[in-house]
Each structure stands twice: as structure tokens, then as C-alpha cells.
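Here is how the chains run, residue by residue.
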Amino acid sequence: QVHLVESGGGLVQPGDSLRLSCVAFEKIFSYYDMGWYRQAPGKQREAVAFMHASGSTNYADSVKGRYTISRDNAKNTVYLQMDDLKPDDTAVYYCNARNMLTFTDSWGQGTQVTVSS
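## Quick notes on the sheet that holds strand β1 (residues 4–7)
So, step 1. Spatial ordering of the open sheet is given by β1-β3-β8-β7, a layout of four strands whose pairing is antiparallel. Edge positions in the sheet fall to β1 and β7 (67–72), since each of these pairs with one other strand and no more. Strand-to-strand twist across the sheet, computed as the mean angle between neighbouring axes with direction ignored, equals 15°.
So, step 2. With six bridges joining them, β7 and strand β8 (residues 77–82) adopt antiparallel strand pairing.

Structure (C-alpha cells):
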């Protein structure tokens, strides 16, 4: 298990940008896939963006072209740049680290993103 802490959430207006950060309190080895999920009130948690150990990325259709995931292994940090935010993006955002050797997941505590005019 990896201890993860997210930050960067907040209240913004439609069209604004936010950058979420996820710090791992131990080294994120190259064999970890890193991802962001979100959960809106009354809805199931959904996958938003992934950066695989290979460096390839995947995005949910709803955020393609607006969100960008990146990672800095030297800083044990994963980022989610969110542009052109919409009210439907309102949710608690969670960072995930998946050990691709053991297929175990670690989760952060979540950070709230609220998009409202």
C-alpha cells in the first residue's frame, strides 16, 4: 500500500482550470500505474484518467481534450490538469496507484472539485 494525498481542489466557475496533485509518501516505482477517479453525489466512482507505467495515457470520453494527466516519478507526484471545467465535473477526485506486479490498489482521501456559477 502507498500513502497518497491529493490537493488542489476547490470551487471554480465554468470554463476555469484547476490542477490537482497527488503526492505519494513513498517512491512511486516505474511499475505503478497511476490514475484519477471521481465520484459525484449519488453516482458511482468513475475512472477519469490513467498514466500507465509505460507512459501511455487513457482518458474518459467526457474529459478528453480538457484533462491532462502527468507524473513526476522523481517527486513521487501525479498531476491532473483540468481545463474548461463544467458543472458536470463536480465531484470528489481520488488518486489511485496500482502496483502492476501485485495488482493491489492504493487510494488517497479525495479532494473536492466544485464547478458552479
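Next comes the rest of the description.
## Things to note about the pairing of strand β9 (residues 91–99)
Side-chain direction in a regular strand flips from residue to residue, so the side chains alternate between the two faces of the sheet.
So, step 1. Counting buried positions over the nine residues of β9 gives seven, a clear majority of the element.
So, step 2. Two elements, strand β4 (residues 32–39) and β9, share eight bridges in a ladder whose sense is antiparallel. Bridge pairing in β9 places Arg38 opposite Tyr93.
So, step 3. Pairing of β9 with strand β11 (residues 111–115), which is carried by three bridges, proceeds in the antiparallel orientation. Bridge pairing in β11 places Val92 opposite Gln112.

## Some details on the state of the cysteines
So, step 1. For the structure shown, the criterion picks out one disulfide.
So, step 2. In this model, Cys22 is linked to Cys95 through a disulfide, with the two sulfur atoms separated by 2.1 Å. When the S-S torsion is -80°, as for the bridge of Cys22 with Cys95, the disulfide is left-handed. Here Cys22 is found in strand β3 (residues 18–24), whereas its partner Cys95 is found in strand β9, with 73 residues between them in sequence.
So, step 3. Judged by relative accessible area, which is 1%, Cys22 ranks as buried.

Analysis parameters
- Residues numbered from 1 in each chain as written.
- Predicted model: local features only at pLDDT ≥ 70, side-chain atom pairs only at ≥ 80, totals over all residues.
- Heavy atoms only, no water.
- Pairing = 2+ DSSP bridges.
- Helix = DSSP H or I, 4+ residues; strand = E, 2+ residues; numbered from the N terminus.
- Axes fitted to C-alpha atoms, helices over the stretch in contact; angles between N-to-C directions.
- Buried < 20%, exposed > 50% of the residue type's maximum accessible area, 1.4 Å probe, protein only.
- Disulfide = S-S within 2.5 Å.

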